Amino acid sequence: MAVWALGINHTTAPLDLRGRFAFALDQIAPTLQGLRQSLGGANRHPSVETAIISTCNRTEIYCAGNESALDHTLGWLAQSGGVSPALLRSHSYALEDGLVARHAFRVASGLDSMVLGEAQILGQMKDAVRAAETAGALGTTLNQLFQRSFAVAKEVRTSTEIGAHSISMAAAAVRLAGQLFEDLSEIRVLFVGAGEMIELAATHFAAKNPKAIAVANRTLERGEKLATRFGGEVMRLADLPDRLHEFDAVVSCTASSLPIIGLGAVERALKKRRHRPMFMVDLAVPRDIEPEVKALEDIYLYTVDDLAGVVQTAQAHRQAAVAQAEAIIDAGVQSFMHWMDQRSPTGGVVPLIQQLNAQTDEWRALEIARAKKLLAKGEDMDAVLEALSRGLTQKMLHGTLAELRAGDAETRAQTAQTVSRLFLRSQSKTGL
């Protein structure tokens, strides 16, 4: 099996390009189905394994099949995002075999994140794996890759300080708001959306005891649940343009494919506010807030990429743990590649193990059948067991003894070393 991966992330592609390749969780299953059908023809194999990880900072495709189909995968992804393969290639990374494992392990461990050591990506990877499993797109190879990724990530987090002193996107947003407003307890905050990122942001802002909290969401029930948790109110997304002026800070993160807060709505809100400043954070990919909003006076708009500089401030505290984490990842990669080699039909040992098991099962069945016949004739139990054990031993050693007697002196010496290593290991360890 070949393993390959193709991806774009916050270091290789700008925000708007990443937005073209963002897949909501409920889009993963049909997207995987289309990808597998496309790769099945390209890879000449109908059951190519696939998985897609899509977050605000990355979109990555992982595949396993008879042979690598990186170019075809890139062409398919470019078409799905409506860009040329050349443009996508210039902003993407393509990996194969051991490099795929290393990358997946680093992503799961938080070493490839905008916030070094952040834990949210691990949960997002697990969601992606569950989606691939539900879609029937995950096979033995990718399942091993991801399960080992999760195990490596757990070891990294328990054995190193990689997650210490972490500054999340949500915490960075609060820090920036604190630079604009003298007292965060005097501001009114609006959260647009009710997903995991908004919940995290609301938790951080609520700790500052703002004057008011509101949640605008397409589904009122989910929005009300989040608003109640923080003692806030819930509103319909349709009411957002008319009430935008009431809030000093707006944090948005929805799965909408188009902006839900437009330039005109913000301009009207500013007019009603008599141009009192508004702090806005767009954590969505694709964008929730039209980019032209940033040019307005009295608007302080930040995207996920804008927050990068803020979250870097705590990086130095964790750099000492990176080398230790990389060593754990190295060991994990070696273990995964060893597992892959064992499964290889050409260079692996799995077929040989299967042949050995089949041969020994055949010998055992013959000797048991012979022993049963002897017992049926009334032969002595001890004598039958002795014959059974002698028969098995002779069958197992026949080929080995023949090799020891055959060939030239050099060949016999090499065979003797192998036989000693295989059959006399316990004696050499005990000194007998």
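See the structure shown above.
These numbers come from a predicted model, not from an experiment.

## Some points on the sheet that holds strand S9 (residues 278-282)
Link 1 in the chain: Spatially, the 6 strands line up as an open sheet ordered S7-S6-S5-S8-S9-S10, and their pairing is parallel. Single-partner strands in this sheet number two, and they are strand S7 (233-236) and strand S10 (299-303). Across the sheet, the axes of successive neighbouring strands diverge by a mean angle of 20°, strand direction being ignored.
Link 2 in the chain: Bridging between strand S6 (residues 212-217) and S7 involves 4 bridges; their strand directions are parallel. Residue pairing across strands places Val-215 opposite Val-234, the latter belonging to S7.
Link 3 in the chain: On top of the sheet, helix H10 (residues 220-229) reaches S6 and S7; it is set at about 155° to S7, its chief contact.

## Some remarks on the nonpolar core
Link 1 in the chain: With 66 residues, the main nonpolar core has Tyr-62, Phe-105, Leu-145 and Phe-146 as its most contacted residues.
Link 2 in the chain: Broken down by element, this core gets its largest block of residues, 9 residues, from helix H14 (residues 319-343).
Link 3 in the chain: Each residue touching Leu-145, except ones within four places of it in the same chain, is listed here: Tyr-62, Val-100, Ala-101, Ala-104, Phe-105 and Phe-336.
Link 4 in the chain: Counting residues in each nonpolar core, the second largest holds 41 residues, with Leu-184, Phe-191, Leu-226 and Val-285 among its members.

## Points about a nonpolar patch on the surface
Link 1 in the chain: A contiguous nonpolar patch, built from Leu-375, Met-381 and Leu-385 and spanning about 270 Å² of accessible area, is present on the exposed surface.
Link 2 in the chain: Topologically, Leu-385 is positioned in helix H16 (residues 381-405).

## Re the packing of aromatic side chains
Link 1 in the chain: If you walk through the whole model with that rule in mind, you get 4 aromatic pairs.
Link 2 in the chain: On the numbers, 5.7 Å between centres and 45° between planes, the contact of Phe-279 with Tyr-302 is tilted. Taken as a pair, Phe-279 in strand S9 and Tyr-302 in strand S10 lie far apart in primary sequence, 23 residues in all.
Link 3 in the chain: Measuring from ring centre to ring centre gives 5.9 Å for Phe-336 and Trp-339, while their planes differ by 25°; the resulting arrangement is stacked. Note that Phe-336 and Trp-339 are positioned in helix H14 at a spacing of 3 residues, about one turn of the helix. For the pair shown, Phe-336 and Trp-339 are each scored as buried.
Link 4 in the chain: The ring of Phe-150 has Lys-126 sitting right over it, with the charged end atom 5.5 Å from the ring centre.

The rules behind each value
Residues numbered from 1 in each chain as written. Predicted model: local features only at pLDDT ≥ 70, side-chain atom pairs only at ≥ 80, totals over all residues. Heavy atoms only, no water. Pairing = 2+ DSSP bridges. Helix = DSSP H or I, 4+ residues; strand = E, 2+ residues; numbered from the N terminus. Axes fitted to C-alpha atoms, helices over the stretch in contact; angles between N-to-C directions. Contact = heavy atoms within 4.5 Å. Core = buried A, V, L, I, M, F, W, Y, C linked by side-chain atoms within 4.5 Å. Buried < 20%, exposed > 50% of the residue type's maximum accessible area, 1.4 Å probe, protein only. Patch = residues over 30% accessible without salt bridge, like charges linked within 9 Å, V, L, I, M, F, W, Y side chains within 5 Å. Areas by Shrake-Rupley, 256 points an atom, 1.4 Å probe, with all protein chains shown as cover. Salt bridge = Lys/Arg side-chain N within 4 Å of Asp/Glu carboxyl O. Phe/Tyr/Trp six-rings, centres within 6.5 Å; stacked < 30°, edge-to-face > 60°. Lys NZ or Arg CZ within 6 Å of the ring centre and 35° of its normal.

Everything listed is a geometric property; what it means functionally is a separate question.
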